[in-house]
Amino acid sequence: MNCIIYRSDVKPTLEQATTLYCHCSLGKRRPLTDTVRFQAMLDNANLVVTAWHDDKLIGIARCLTDFVYITYLADLAVDENYQRQGIGKQLIKEVKNNTDKSCSITLLAAPQAVDYYAHIGFNAHPSAWILRDN
């Protein structure tokens, strides 16, 4: 396998992102068929770190951040064919590399990933709240 390249200077196209999300469990919980909304999610993220194998998007960390105090990691997705190779962990390292050293990362874990984040150094927080307009 060729080496994986991590980039924070390019956002993937809608097609590239949709293909990636379809190849991981996160895709089931994102509005992939609402292309206007999904494109806006990509466009409005102010820090996007991507992982590429040749010209194929294989991972993404989609974030909202002030770059000095807090980063909300909205999506961490790795193509299921590339999982368990440290790509998610490296995407998080690259997020940290693009923010101040004291900037923390906050996220809501997908049900399948609850155990993953503790394994890589995250601490659980007992008081996360979500308000949805259902």
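What you see is a predicted model; the values in this text were computed from it and never measured.

Visitor: Outline the pattern of salt bridges, listing residues and values.
Guide: Oppositely charged side chains are able to pair whenever their charged atoms sit close together. One pass over the structure, following the stated rule, counts four salt bridges. As a salt-bridge pair, R30 and D75 come within 2.6 Å of each other at their nearest N and O atoms. One end of the pair, R30, is in the loop between α1 (14-22) and α2 (35-44); the other, D75, is in strand β4 (residues 70-78), with 45 residues separating them in the sequence. A salt bridge links R62 to D75; the shortest N-O distance between them is 2.9 Å. Of this pair, R62 sits in strand β3 (residues 56-65) while D75 sits in strand β4, placing them 13 residues apart in sequence. Looking at R62, the relative accessible area reads 9%, which means it is buried.

Visitor: Outline a nonpolar patch on the surface, supporting the account with residue identities and numerical values.
Guide: On the surface, L64, Y72, L108 and I130 cluster together to form a nonpolar patch covering roughly 350 Å² of accessible area. By the element assignment, Y72 lies in strand β4.

Visitor: How would you explain helix α3 (residues 87-97) if you had to name every residue and give the values?
Guide: For α3, every residue scored as buried is listed here: I87, G88, L91, I92, E94 and V95. Projected onto a plane normal to the axis of α3, the buried residues spread over an arc of 160° and lie on a single side. Next to the buried residues of α3 lie β1 (4-7), β2 (47-53), β3, β4, β5 (104-106) and α4 (114-119).

Calculation rules
- Residues numbered from 1 in each chain as written.
- Predicted model: local features only at pLDDT ≥ 70, side-chain atom pairs only at ≥ 80, totals over all residues.
- Heavy atoms only, no water.
- Salt bridge = Lys/Arg side-chain N within 4 Å of Asp/Glu carboxyl O.
- Helix = DSSP H or I, 4+ residues; strand = E, 2+ residues; numbered from the N terminus.
- Buried < 20%, exposed > 50% of the residue type's maximum accessible area, 1.4 Å probe, protein only.
- Patch = residues over 30% accessible without salt bridge, like charges linked within 9 Å, V, L, I, M, F, W, Y side chains within 5 Å.
- Areas by Shrake-Rupley, 256 points an atom, 1.4 Å probe, with all protein chains shown as cover.
- Arc of directions from axis to C-beta.
- Contact = heavy atoms within 4.5 Å.

Interpretation in functional terms is not warranted from these geometric data alone.
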